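Structure at a glance
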Amino acid sequence: MKKLLTTLLLVLAVTAVFAQQRKTDTFTTMSGKTVTITCIKHASLEINYNGTEIQVDPVSDAVKPVTNYYDFPKANIILVTHQHQDHFDREAITALRNTATNIYEPTNVYNMWFNGIAMNNGDSLCIADDILLKAVPAYNTTEGREQFHPKGRDNGYILTLDGLRIYIAGDTEDIPEMADLGPIDIAFLPCNQPYTMTLEQLVKAAKVIKPRVLFPYHYSNTVIAQVSMMLAGSGIDVRIRDYK
């Protein structure tokens, strides 16, 4: 009986974690189309726009818990921000792709496997009449940490879906280029020094960008709940999901 109870509690715990990972947020575009964003983990997220399946930095087992991407729908679009193993995983991409999948990535990632479409900082693509993609800078600025994400190598992305502008920052600090992003509806900002931002840098970046909704992500062991308190009264809707 005791063993059965222990097993049941373990199953419930795993189910709870799985449910938290799959937390979804739904938004509506200017013409009434639905955008559903699903939290997977760390820097991995799923966006479904009116039936178009978009995966961002899918990773199977380099980041725990292990994610089986064969359980997901095939992706129409896959975005890769840079080559680190917690962002670029060939196995996960293989599980998600089919002949109709388009993969967008920095040039150095393209040069590692010669698949997909290379984009440099500043490049823009019209993927469909109502889907626009722009690659923007993502890099470290703190002295002694520039080697983690050198300027000009990696991408953040602005994904525009029927006018809804989503900023996926990638691994970056609070760089000056954030002031030139234009109106942002939804922002994903990282927070885990020495690799990305401190809490203070994230708050500063959020105040510059002024998104309607902010998802802190890629936060590892940061006490991320502090972001909500630090941005209280800013008018920014801070949503904490399990992007550890």
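Worth saying up front: this structure is predicted, and the values here are computed from it rather than measured.

In spatial order, the strands read E1-E2-E3-E4-E5-E6-E7; together these seven strands make up an open sheet with mixed pairing. A strand with exactly one partner marks an edge of an open sheet, and here the two such strands are strand E1 (24-28) and strand E7 (117-119). Averaged over all pairs of adjacent strands, the angle between their axes in this sheet comes to 20°, without regard to strand direction. Note that strand E5 (residues 77-79) and strand E6 (residues 102-106) share three bridges and pair parallel. Counterpart to Ile 78 in the pairing with E6 is Ile 103.

Time to look at the pattern of salt bridges. In this structure the tally under the stated criterion is eight salt bridges. Put simply, Arg 153 and Asp 154 hold a salt bridge, and the shortest N to O gap is 2.6 Å. Accessibility expressed as a relative area gives 22% for Arg 153, which makes it partly exposed. Its salt-bridge partner being Lys 204, residue Asp 174 comes within 3.7 Å of it at the nearest N-O pair. With Asp 174 in the loop between strand E11 (164-168) and strand E12 (186-190) and Lys 204 in helix H4 (residues 199-209), the pair connects residues that are 30 residues apart, well separated along the chain. When salt bridges that share partners are traced, they join Asp 25, Asp 237, Arg 239 and Arg 241 into one network.

Analysis parameters
- Residues numbered from 1 in each chain as written.
- Predicted model: local features only at pLDDT ≥ 70, side-chain atom pairs only at ≥ 80, totals over all residues.
- Heavy atoms only, no water.
- Pairing = 2+ DSSP bridges.
- Helix = DSSP H or I, 4+ residues; strand = E, 2+ residues; numbered from the N terminus.
- Axes fitted to C-alpha atoms, helices over the stretch in contact; angles between N-to-C directions.
- Salt bridge = Lys/Arg side-chain N within 4 Å of Asp/Glu carboxyl O.
- Buried < 20%, exposed > 50% of the residue type's maximum accessible area, 1.4 Å probe, protein only.

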